[in-house]
Amino acid sequence: MTVLDTPTHTTKPAHMSDAEWEARLELAACYRIFDHLGWVEMIFNHITLRVPGEDGHLLINPFGLMYGEVTASNLVKIDLDGNVLSDSQWPINEAGLLIHSVIHANRPDAHCIMHTHTTVGTGVACLRGGLDPDNFYAAQLHDMVAYHDFEGITVDPDEKPRLVNNLGDRNLMILRNHGLLALGPTVPSAFAALWTLQRACEIQLAAQSSGQPLIPVTLDAALRSTRESFQMGDRTQAGRSLFDALRRKIDRTSPDYAV
C-alpha cells in the first residue's frame, strides 16, 4: 500500500449501508483530525454529518467521549428532533443538537456542520469588531462570515429562527462571545472553511498583541483573494486534498477511529 492509498476497513456492521459506513469513517477521522489539531473542548462541541440516503438523519459524537475516543461505530445516529436511532450507551448534548439540527433542517446544502470553542476563535468572537480583514487568511473570507449575538447556552428553542436568519446563505459564522461555526456540502469543504477562519483568528490575535497598527488589505485584494481561494477551489476539490492529507496522518497515528 502506498502512502496515498486509503486503508480498507472491514468492520462494517452487516445491517448498515455502505454509504453510512463510509460517512461514519470520514466523520470519525474528522474528529481525530480535530483532536490532532487541538480543536477540542474536553467532551464538548460537535461535528455533525447527514446520513447519505436517509432524509433527516444525522451522525453526531457521543456526549461524554473525548474526540480521541470517537470511532466510526460509536457515532450516534439521530433525527432532527434528537431521537436516537442507533444502539448507543451514550447520550447526545442538547446544546449541540439545537445549533446543528436547526441549521441542517433549514439549509439543505449543509451536509456537514462543525462548531468549535478554540481559544483564538472564541477570543475573536469576544471582540467588538469581530474578525479583522487585514491578514492573509481573513482576506480570503470577504463577505463570507455571518455573526450571531450571544443569548446564553444554546438550549432555548426560541433562539432557532434568529440563528438561521443570521446565518443566511453563508457557510461561516462567528457566534459572538461563544465560538466558530462552519458548514459545507462535504466534510472537506466545511473543514477547509473552518481551517481558514481559525488561521485568520490566530494571525489576528498574534498581530494585535503587538500593539502596532495592522497594514490594511485593500478591498480589491480581498475580493481577489476570496475569489481565488474559494471559487477556484475545484482545483483541490474544495478542501479534499487538505483533508485527505490529514486523514492519512490519522490513519498512521490513530487507526482505531475506523472500528
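Conventions and cut-offs
Residues numbered from 1 in each chain as written. Predicted model: local features only at pLDDT ≥ 70, side-chain atom pairs only at ≥ 80, totals over all residues. Heavy atoms only, no water. Helix = DSSP H or I, 4+ residues; strand = E, 2+ residues; numbered from the N terminus. Buried < 20%, exposed > 50% of the residue type's maximum accessible area, 1.4 Å probe, protein only. Lys, Arg positive; Asp, Glu negative; His and termini not counted. Salt bridge = Lys/Arg side-chain N within 4 Å of Asp/Glu carboxyl O. Polar contact = N/O pair within 3.5 Å; in protein donor to acceptor, adjacent residues only side chain to side chain. Contact = heavy atoms within 4.5 Å. Pairing = 2+ DSSP bridges. Right-handed = clockwise from strand over helix to strand, strands pointing away. Core = buried A, V, L, I, M, F, W, Y, C linked by side-chain atoms within 4.5 Å. Expected span 1.5 Å × (residues − 1).

You can see Arg50 is positioned in strand 1 (residues 46-50). Within the buried core, Arg50 has no salt-bridge partner, and the shortest N-O distance to an opposite charge, that of Asp55, equals 5.5 Å. Among the polar contacts listed, one links the side chain of Arg50 to the backbone oxygen of Arg107, at a separation of 2.9 Å. From its side chain, Arg50 meets the backbone oxygen of Ala110 in a polar contact 3.0 Å long. The residues touching Arg50, leaving out its near neighbours within four places in the chain, are His57, Leu58, His104, Arg107, Pro108, Ala110 and His111.

Neither face of strand 6 (residues 172-175) is left uncovered, since the one carrying Leu172 and Ile174 and the one carrying Met173 and Leu175 both have all their residues buried. Both strand 5 (residues 145-148) and strand 6 contribute to a ladder of 4 bridges, which runs parallel. When the sheet's bridge partners are listed, Tyr147 is paired in strand 6 with Ile174. Between the parallel elements strand 5 and strand 6, the chain passes through helix 4 (residues 160-167) in a crossover that is right-handed. Alignment of strand 6 against strand 7 (residues 179-184), held across 4 bridges, turns out to be antiparallel.

Looking now at unusual backbone geometry. The residue Met42 is not glycine, and still its phi comes out positive at about 55 degrees. Position of Met42 relative to the elements: it lies in the loop between helix 1 (18-37) and strand 1. With a relative accessible area of 55%, Met42 lands in the exposed category. A positive phi angle is found at Asn45, which is not glycine, with a value near 70 degrees. For Asn45, the position within the fold is in the loop between helix 1 and strand 1.

This part takes up the nonpolar core. Ranked by size, the top nonpolar core spans 47 residues in total, and within it Phe34, Ile47, Met114, Leu131, Ile174, Phe191 and Leu197 carry the most contacts. Looking at this core, the elements with two or more residues in it are helix 1, strand 1, strand 4 (112-116), helix 3 (119-125), strand 6, strand 7, helix 5 (187-208) and helix 7 (240-253). With 10 residues, helix 1 is the largest single contributor of residues to this core. Every residue in contact with Phe191, bar those within four places of it in the chain, is listed here: Ile33, Phe34, Leu37, Trp39, Met114, Leu242, Phe243 and Leu246. Grouped together as the second largest cluster of nonpolar side chains are 12 residues, Ala110, Ile113, Leu175 and Leu181 included.

This next bit is on helix 1. Taking 1.5 Å per residue as the helical rise, helix 1 with its 20 residues ought to reach 28 Å, and the 29 Å between its terminal C-alpha atoms agrees with that figure. Summarising burial for helix 1: 14 of the 20 residues are buried, a large majority. Positioned one or two residues after helix 1, Gly38 has a phi angle of 80 degrees, which is positive.

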